[in-house]
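# Architecture at a glance
Spelled out from the first residue to the last, the chains are:
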Amino acid sequence: MNGGAWWSGGLYFSCLGCGRCCAESPGTVRFTPDEELAMANLLMVSASEFRARYVWRRYGKPSLRERANYDCVFLSPSARYCVVYGAHPAQCREFPFWPEVLSSKESWDRFALSCVGMNQGDFHDGAEISARLQRQLDAQKSSCQLRRDG
Ligand code: SF4
């Protein structure tokens, strides 16, 4: 599977922790019900409190809030680390192995202009990339829908 994909020979990537992918431009961060619960548990708040404080509607579905400067609500403003790291959603964990990034070499190179971790660091072979891409697609399919309480 994906043997003919342009990335099937593998890609280099290691996150350098700069935090830019969690900031700088508007975005959506989807999460599954299990991931929502894991983040709420980590923060020791109830699921409804989590929704009220940290979630808003983006394009008709729940997404993690952003601050006015587009930082993810969970990106520490000073230290630039993820405060829910360890319980962060698959969407964050699997970056940059997303469908839209892997759709073409041109797209990968475009994203690499703002991610210093791409095209350097650890080698990821085609089988791993395929598995990570699938995990991201599965997470997209089972991401939270809006409830009555939003
Ligand atoms: S932009 Fe790239 S290097 Fe920086 S935190 Fe995100 S994945 Fe890591």
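This one's a predicted model, so the numbers in the text were calculated from it and none came from an experiment.

When helices and strands are tallied, the protein shows 6 helices and 4 strands. In the protein, the succession of helices and strands from N to C terminus is β-α-α-β-β-α-α-α-β-α. Taken over C-alpha atoms, the radius of gyration comes to 16 Å for the protein, in line with the 15 Å a tight globule of 150 residues would show. Along the three orthogonal principal directions, the C-alpha set of the protein runs to about 45 × 35 × 25 Å. The buried share among the 150 residues of the protein stands at 21%.

Before going further, it helps to spend a moment on the site of the ligand. Neighbouring the ligand are Cys15, Leu16, Gly17, Cys18, Gly19, Arg20, Cys21, Phe95, Cys115, Val116 and Gly117. Tallied by class, the residues present in the shell around the ligand amount to 7 nonpolar, 3 polar and 1 charged.

Attention shifts here to the pairing of strand β2 (residues 55-58). Relative to strand β3 (residues 61-64), β2 runs antiparallel, the two sharing 4 bridges. Along β3, the bridge assignment pairs tryptophan 56 with serine 63.

Geometrically, the link from phenylalanine 95 to proline 96 is a cis peptide bond, its omega value of 10 degrees lying close to zero. In this fold, proline 96 is placed in the loop between α3 (90-93) and α4 (99-102). Residue tyrosine 70 is not a glycine yet carries a positive backbone phi of 80 degrees. In this structure, tyrosine 70 sits in the loop between β3 and α3.

Next up on the list: the environment of phenylalanine 123. Mapping phenylalanine 123 onto the fold places it in strand β4 (residues 118-124). Ignoring anything within four residues of it in the chain, the contact list for phenylalanine 123 reads Gly10 and Tyr12.

In this section: the nonpolar core. In this structure, Cys22, Val29, Phe31, Met39, Ala40, Val55, Leu64, Cys72, Phe74, Leu75 and Val84 together form the largest nonpolar core, which totals 11 residues. Not counting residues up to four positions away in its chain, the partners in contact with leucine 75 are Gly19, Cys22, Ala23, Arg80 and Cys82. Grouped together as the second largest cluster of nonpolar side chains are 8 residues, Leu11, Phe13, Met118 and Ile129 included.

Cut-offs applied
Residues numbered from 1 in each chain as written. Predicted model: local features only at pLDDT ≥ 70, side-chain atom pairs only at ≥ 80, totals over all residues. Helix = DSSP H or I, 4+ residues; strand = E, 2+ residues; numbered from the N terminus. Rg over C-alpha atoms; globule rule 2.2 N^0.38 Å. Buried ≥ 20, exposed ≤ 12 C-beta atoms within 10 Å, placed from the backbone. Near = placed C-beta within 6 Å. Nonpolar A, V, L, I, M, F, W, Y, C, P; charged D, E, K, R; others polar. Pairing = 2+ DSSP bridges. Contact = placed C-beta atoms within 7 Å. Core = buried A, V, L, I, M, F, W, Y, C linked by C-beta atoms within 7 Å.

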